[in-house]
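# Coordinate inspection notes
Listed below are the residues making up each chain.
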Amino acid sequence: MNLRPSHQRNAFTLIEMLIVIAIIATLATLSMPVYRQMTEKAEMVKHVSNVKNLTMHTIQWASDNSQTLPSPQYPGGHSQSDPAIPEQWDFAKTGSGLWLDGVIYYAVMFAANNERAQENKDNESYKEVTEVDGQNGAHLKDTIFFSQQSFKKNPLAEDMHQHSYAMNRSLQYDYLYKNSSDPELTNKNMTKIPHPALLYTENQDSNVIGFEDREAIIETGKKRWSSKKIICSFLDGSCNNLSATDIPSEDMNSDRQSSRFWRGVDPD
């Protein structure tokens, strides 16, 4: 009897190797959509958190300023001494007229730093910030205002405001039109809005939106998210992923649900 160990080894044949490679490729192909969905879901969770954070800062800002919501836009180029503009609104010196260049951005990003600057006047590491720096919204990058999802889908956009979140102009308080009968241009004091209304949402066409921008908002959701959901936050601090059917399409001046959604009030 031959008791010597055999040195012969079994090896994969070419056919077997091709079969294994085919199986691996098939599994990878099947798993990619699932991986993309998981990645996008995680991305949306982060974005919802950012919008909710922005919403809470806005509500806090209103609380610190006589319960009056900030205007999403103000006349650019006016000085702070202009009586048409509340002093606390116009921090930007760029004259762009965009709310993101002053009101809430200043409150969120610079207030704490300026407080430290006052406490450490002799410390060169703390410098008081007096105006927003950056053109075309470049200063919004890597902040809670900036949609990374939007930037990934359209990185060549020159105006970074297209990647920011949009504020509902129906809630603005505008000194220039305080005697107007237009429901969008009336005092939107937080205590006078009985129902939660849309505050922030996604819209790559503009960072200021209204009822007439409904289709643009829905289209933005389709472009940014495969689920076609739209991130929306409300005056009560809630933040949800809405579908197109959740956004009222009826005239907000005659339909109660639409009026509550966009303005937080009931129609006359």
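Just so you know, these numbers come straight off a predicted model, no measurement behind them.

With that settled, consider the sheet that holds strand 5 (residues 239-242). One open sheet holds the five strands; their spatial order is 3-1-2-4-5, and the pairing between them is mixed. Sheet topology places strand 3 (208-209) and strand 5 at the edges, where each strand pairs with a single neighbour. Here strand 1 (residues 165-168) pairs with strand 2 (residues 198-202) via three bridges, running antiparallel. Each bridged residue has a counterpart across the sheet, and for alanine 166 the counterpart in strand 2 is threonine 201.

Moving on, we get to the environment of leucine 140. Along the polypeptide, leucine 140 turns up in the loop between helix 2 (103-119) and helix 3 (148-153). A sequence separation of 35 residues divides leucine 140 from tyrosine 105, and the C-alpha atoms of the two residues are 8.6 Å apart.

For the structure on display, the rule yields four aromatic pairs. Seen in terms of ring centroids, phenylalanine 261 and tryptophan 262 are 5.2 Å apart; in terms of plane orientation they differ by 70°. Their pairing is edge-to-face. Residues phenylalanine 261 and tryptophan 262 agree in their burial class; the two are buried. Three or more aromatic residues joined by ring pairs form one cluster here, namely Phe211, Phe234, Phe261 and Trp262.

On to the environment of asparagine 154. Examined against the element boundaries, asparagine 154 turns out to sit in the loop between helix 3 and strand 1. Looking at asparagine 154, the relative accessible area reads 31%, which means it is partly exposed. Each C-alpha atom of the pair asparagine 154 and lysine 223 lies 9.6 Å from the other, and the pair is 69 residues apart in sequence. Those residues in contact with asparagine 154 that lie beyond four places of it in its chain are Gln162 and His163.

This brings us to the nonpolar core. Of all hydrophobic cores here, the largest spans 30 residues; its most connected members are Phe145 and Leu235. It is helix 1 (residues 14-64) that contributes the most residues to this core, seven residues altogether.

So, about a nonpolar patch on the surface. A cluster of nonpolar side chains, contributed by Leu14, Ile15, Leu18, Ile19, Ile21, Ile23, Leu27 and Leu30, occupies part of the molecular surface with about 840 Å² of accessible area. Residue position: leucine 18 is located in helix 1.

Our focus in this paragraph is the environment of valine 108. Tracing the backbone through its elements, the reader meets valine 108 in helix 2. Classification of valine 108 as buried rests on a relative accessible area of 19%. The spacing of valine 108 and threonine 143 is 35 residues in sequence and 9.8 Å in space, taken between C-alpha atoms. Those residues in contact with valine 108 that lie beyond four places of it in its chain are His57, Ile144 and Phe145.

Right, let's talk about the confidence of the model for the protein chain for a bit. For the protein chain, mean pLDDT is 78; residues scoring 70 or higher make up 68% of the total. Element-level pLDDT for the protein chain is lowest in helix 2, with a mean of 70, against a maximum mean of 96 in strand 4 (residues 230-234). Low pLDDT, under 50, characterises residues 76-80; the predicted model gives this stretch 12 contacts beyond four residues in sequence or across chains.

What counts, and at which threshold
Residues numbered from 1 in each chain as written. Predicted model: local features only at pLDDT ≥ 70, side-chain atom pairs only at ≥ 80, totals over all residues. Heavy atoms only, no water. Pairing = 2+ DSSP bridges. Helix = DSSP H or I, 4+ residues; strand = E, 2+ residues; numbered from the N terminus. Phe/Tyr/Trp six-rings, centres within 6.5 Å; stacked < 30°, edge-to-face > 60°. Buried < 20%, exposed > 50% of the residue type's maximum accessible area, 1.4 Å probe, protein only. Contact = heavy atoms within 4.5 Å. Core = buried A, V, L, I, M, F, W, Y, C linked by side-chain atoms within 4.5 Å. Patch = residues over 30% accessible without salt bridge, like charges linked within 9 Å, V, L, I, M, F, W, Y side chains within 5 Å. Areas by Shrake-Rupley, 256 points an atom, 1.4 Å probe, with all protein chains shown as cover. Salt bridge = Lys/Arg side-chain N within 4 Å of Asp/Glu carboxyl O. pLDDT = per-residue confidence, 0-100.

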